[in-house]
Amino acid sequence: MNEKKTSSLNPPSKEELPSTLTNFQRKEYRKIDFLLIAAGFLLITPILSVHRVTDFMIFCIFAMSFDLLYGYMGRLSFGHMLFLGTGAYSCGLFIKYVSGNPLIAILVGIAVAGLLGILLGLIIVRTTGACFALINLAFNHIGFFLVLSPLREITRGEDGFGVSASKLGFLNFSSRPIMFGSVLLCLLLVFYLLKRLTSSPFGIMIRSIKEDETRVRFLGYNTFLYKWITFVLAGSLAGLAGTLSALNYNYVNPNSMDVHSNVGVVFACLIGGAGNLYGALVGGVVYMVISNFLPIYIHRWEMFLGFSLLIITFRFRKGICGYLLGLWEHGAKKRLIERSAEQGVAKI
Amino acid sequence: MIYTIVYGFTIGAILYFISIGLSLTFGTMRVINFAHTLTYTIGVYALITLIALLKGYFALVAGLAILLVIPISYVIERFVIRRLYGESLDYTFIATFAISLIGVDAIKWIWGVNPYPMNDPIGKYLVFSGLSVPIYRIVIVLIAILLFFGLNLFFKKTIVGKIVVASLEDKEGVRCLGINVDKYFSIVFVLGSALAALGGVLYAPISSIHPYMGLSILLLSFAVVIVGGMGNLNGTFFSAFALGMVMAVTARYWSQGAETMVFIVMAIVLIFKPIDI
């Protein structure tokens, strides 16, 4: 929190950065993080099912890529599904028409989504606020429409098409446990990458852009470049989530690019706590549980989603993670006060 | 060719009705109103419910449907939008989106998901040297032009309009004069919603009616507002008709690409004239 404030007011010069970075590293990289995440997902596997948890983890990757854009850079996008769909479609089409190698297909999916991010980013990144959100939405709409009708010959329109990746040694993506393992690996990899990225000077820069872009530009930084790179990264990670979902379902259809599904990832980020990777993970799981199980009990679940979004915006902005973190900080402060009272120090 | 022009003007007129509300709410309150889709759709569904009761009186039913939207939009303004003044745009966007989510689900609950068919209420054609043009479309264009001059008069001559125009320029300045700006904002909001409902009611007979009909038209009118300039009333008028024309001409040669073309125009405008909102 402190680092964030000072960086927004006064971004450290390039010589100073390495020392702050090591502080960050010491604080934020812990192997236990990865163990906790892996253990958490493995623990919920027996309660739900392997297939479902794989799905949850893919959504969590998507939510983290969205969090990079919304939570860290402060740009709300309502068209992030475009990149998920692009990844899914390019992976599926590659397997269908070129080769069945799943690893190359995943790379192709990420590359195509990244390329789309590079092209669209040139236009989209110039805007901020609601304009950014709606332009993303507009492009998502165009993508959805392109898949549905002009490219019907290739994408099979509404019906979608099957994706059957060939076996690659022990990497047989049609077996559930292997799919689970590789998605978990991808999730941890993405988590590590984003953790690394968001605590690097680059991450400080994008958080400063969130706080006050004009000031950062005033200090002589090319904010456009930083925003563009972040946008492309978020797009490619969403593309990764798309390729994984295509391999997981063995099937691609326009639902993977549906404009209306965007609300899901926004909800996930907000309920978990935006600007925090744990928030994205918790929010992703909570949203997936809600969307998987609530419709069984409540028929009007979209309405439920709407009301909870309203409650979040008015009362619960920090999300679950932010709330817990706040409680913990509050407790730490209290303990500190008690300790200083014991020692008779009138500090704080 | 004449048919294309008439089609373009009709679409332009409808886009004008809907985007004027968006432009006004953004210009005055700094709120991107996603709930606009909701008032639009509610207007249409009120129309199809009432028209089953009162067959033949389209104008009367349309008026009633618009009147019905006014209290609903007031409730939205009073309980949600008013709490969001001065908040960051993201939260206003999410909150209004949540409202439209609730509203669309309520519509699905009450009326069902299936699309409703609806006929042209006038049903006569103006035969014009071998070409037949539906009179209904001409009426829509005439209403739009009347509305444009009416709104111009409203904003230039009446005191309410003058206050709204002044607060488009400088909200704090108006507040410093001792005027309760919030009251006028709710008038603007209700006016915008009623105009969206008018657009929906007029557009319903020539389009398909389903719960999600608002979304695509909202995106189009957002493109109109970007091209015309946020809070710029005359700009909105001209860009609505220009983009309507773009849609019609594209639809003539490539019928599926009409909406895409509008967004391409919007992207080009944004490249040359980036806006900071």
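Numbers given to residues run from 1 along each chain, matching the order in which its sequence is written. Chain A is the first chain written and ligand 1 is the first ligand written, with later ones labelled in order. Residue-level local features of this predicted model are given only where pLDDT is at least 70; pairs of side-chain atoms are given and counted only at 80 or more, and the full residue set underlies all totals for whole chains, interfaces and linings.

## Thoughts on the overall build of chain A
Consideration 1: Starting at the N terminus, helices and strands are each numbered in turn, a helix being any DSSP run of H or I of at least four residues and a strand any DSSP run of E of at least two. Each helix and strand counted, chain A has 16 helices and 2 strands in total.
Consideration 2: Here the C-beta atoms are placed from the backbone, and a residue counts as buried if at least 20 other C-beta atoms lie within 10 Å of its own, exposed if 12 or fewer do, and partly exposed otherwise. Residues classed as buried in chain A amount to 46% of the 348 residues present.

## Things to note about the overall build of chain B
Consideration 1: A tally of regular secondary structure across chain B gives 11 helices and 2 strands.
Consideration 2: Listing the helices and strands of chain B from first to last along the sequence gives α-α-α-α-β-β-α-α-α-α-α-α-α.
Consideration 3: A radius of gyration in this sense is built from C-alpha atoms; the matching globule rule multiplies 2.2 Å by the number of residues raised to 0.38. Computed over the C-alpha atoms, the radius of gyration of chain B is 18 Å, within 12% of the 19 Å expected from 2.2 N^0.38 for a compact globule of 277 residues.
Consideration 4: Counting only C-alpha atoms and orienting by the principal axes, one finds that chain B spans roughly 60 × 45 × 35 Å.
Consideration 5: Burial analysis of chain B (277 residues in total) assigns 49% to the buried set.
Consideration 6: Note that contacts rest on C-beta atoms placed from the backbone: two residues are in contact if these are within 7 Å. Long-range contacts, defined as pairs at least 24 residues apart, comprise 73% of the intrachain contacts of chain B with a sequence gap of at least 6.

## Some points on unusual backbone geometry
Consideration 1: Phi at asparagine 250 of chain A is positive, roughly 55 degrees, even though this residue is not glycine.
Consideration 2: Position of asparagine 250 of chain A relative to the elements: it lies in the loop between α12 (223–249) and β2 (251–252).

## Things to note about the interface of chain A and chain B
Bring the parts together and some accessible area is lost; that lost area is often taken as the interface size.
Consideration 1: At the junction of the two partners, chain A supplies 29 residues and chain B supplies 32 residues.
Consideration 2: Elements with a minimum of two residues in the side of chain A that touches chain B: α7 (129–148), α13 (262–272) and α15 (301–315) of chain A.
Consideration 3: Per-element accounting of the side of chain A that touches chain B gives the leading share, 10 residues, to α7 of chain A.
Consideration 4: Looking at the side of chain A that touches chain B, its residues break down into 19 nonpolar, 7 polar and 3 charged. Residues were grouped as follows: Ala, Val, Leu, Ile, Met, Phe, Trp, Tyr, Cys and Pro as nonpolar; Asp, Glu, Lys and Arg as charged; and all remaining residues, including Gly, as polar.

## Description of the nonpolar core
Consideration 1: For our purposes the nonpolar core covers buried Ala, Val, Leu, Ile, Met, Phe, Trp, Tyr and Cys residues that link as a set through C-beta atoms within 7 Å. Counting residues in each nonpolar core, the largest one holds 195 residues, and the members touching the most others are Cys60, Ile61 and Met64 of chain A together with Ala223 of chain B.
Consideration 2: Once you skip the residues sitting within four places of it in the chain, cysteine 60 of chain A turns out to touch Leu187, Ala280, Leu281, Gly284 and Val285 of chain A.

## What about the packing of helix α5 (residues 135–157) of chain B against helix α6 (residues 159–169) of chain B?
All names here are of chain B.
Consideration 1: Axis definition: a line fitted to C-alpha atoms, over the contacting stretch in the case of helices. Angles run 0 to 180 degrees between N-to-C directions. The geometry of α5 relative to α6 is characterised by a closest axis approach of 5 Å and an angle of 85 degrees between their N-to-C directions. The pairing of α5 with α6 is recorded here as roughly perpendicular in orientation. On α6, the residues touching Phe154, Phe155, Lys156 and Lys157 of α5 are Gly161, Val164 and Val165.
Consideration 2: Looking at the contact of α5 with α6, its residues break down into 4 nonpolar, 1 polar and 2 charged. By definition in this entry, angles of less than 35 degrees are roughly parallel, angles greater than 145 are roughly antiparallel, angles of 65 to 115 are roughly perpendicular, and the rest are oblique.

## Re helix α1 (residues 2–29) of chain B
Residues and elements named next belong to chain B.
Consideration 1: Given a helix with a known number of residues, its expected span is that number minus one, times 1.5 Å. Given a rise of 1.5 Å per residue, 28 residues ought to cover 40 Å, and the 40 Å separating the end C-alpha atoms of α1 matches this to within 8%.
Consideration 2: What the bend at a residue measures is the angle between two axes, fitted to the seven residues ending there and to the seven starting there. By the largest-angle criterion, serine 19 marks the main kink of α1, which is about 30 degrees.
Consideration 3: For α1, the tally of buried residues reaches 24 of 28 residues, placing the bulk of the element in the interior.
Consideration 4: Arginine 30 sits one or two residues past α1 and shows a positive phi near 60 degrees.

## Overview of the environment of proline 102 of chain A
All names here are of chain A.
Consideration 1: Along the chain, proline 102 turns up in helix α6 (residues 102–124).
Consideration 2: Proline 102 sits in the buried class, given 26 other C-beta atoms within 10 Å.
Consideration 3: Separated by 37 residues in the primary sequence, proline 102 and phenylalanine 139 place their C-alpha atoms 28 Å from one another.
Consideration 4: Apart from the residues within four sequence positions on either side, proline 102 is in contact with Ala165, Leu168, Leu171, Phe173 and Leu247.

## Quick notes on the packing of helix α9 (residues 176–198) of chain A against α12 of chain A
Residues and elements named next belong to chain A.
Consideration 1: Orientation of α9 relative to α12, taken along the N-to-C sense of each, is 175 degrees, at an axis distance of 11 Å. One finds that α9 runs roughly antiparallel with respect to α12. Between α9 and α12, the residues in contact are Met179, Val183, Cys186 and Val190 and Leu237, Leu240, Leu244 and Asn248, respectively.

## Quick look at the environment of serine 99 of chain A
Residues and elements named next belong to chain A.
Consideration 1: Note on placement: serine 99 falls in the loop between α5 (81–98) and α6.
Consideration 2: For serine 99, a count of 13 C-beta atoms within 10 Å puts it in the partly exposed group.
Consideration 3: As a C-alpha pair, serine 99 and serine 166 span 67 residues in sequence and 8.6 Å in three-dimensional space.

## Details of the environment of phenylalanine 144 of chain A
Residues and elements named next belong to chain A.
Consideration 1: Relative to the helices and strands, phenylalanine 144 resides in helix α7.
Consideration 2: Between the alpha carbons of phenylalanine 144 and methionine 81 there is a distance of 9.5 Å; along the sequence they are 63 residues apart.
Consideration 3: Look past the residues within four positions of phenylalanine 144 in its chain and what remains in contact with it is Pro254, Met257, Asp258 and Val259.

## Concerning helix α4 (residues 50–72) of chain A
All names here are of chain A.
Consideration 1: Between the first and last C-alpha of α4 there are 31 Å, a value that for 23 residues agrees with the 33 Å anticipated at 1.5 Å per step.
Consideration 2: At phenylalanine 66, α4 shows its maximal kink, close to 35 degrees.
Consideration 3: With respect to burial, α4 is a largely interior element, 19 of its 23 residues being buried.
Consideration 4: Remark: glycine 74 follows α4 within two positions and exhibits a positive phi of approximately 75 degrees.

## Some thoughts on the confidence of the model for chain A
Residue and element names in this part refer to chain A.
Consideration 1: Looking at any residue, its pLDDT shows the predictor's confidence there, from 0 to 100. Of the residues in chain A, 89% reach a pLDDT of 70 or more, and the chain-wide mean stands at 80.
Consideration 2: Mean pLDDT across the elements of chain A ranges from a minimum in helix α1 (residues 2–9), with 42, to a maximum in α12, with 90.
Consideration 3: pLDDT under 50 marks residues 1–26. Its contacts with residues more than four places away, or in other chains, come to 20 contacts.

## A word on the confidence of the model for chain B
Residues and elements named next belong to chain B.
Consideration 1: Mean pLDDT over chain B: 82, with 95% of residues reaching 70 or higher.
Consideration 2: The weakest mean pLDDT in chain B belongs to strand β1 (residues 125–128) at 69; the strongest belongs to helix α10 (residues 233–253) at 87.
Consideration 3: The complex model carries a pTM of 0.79, and its ipTM stands at 0.77.

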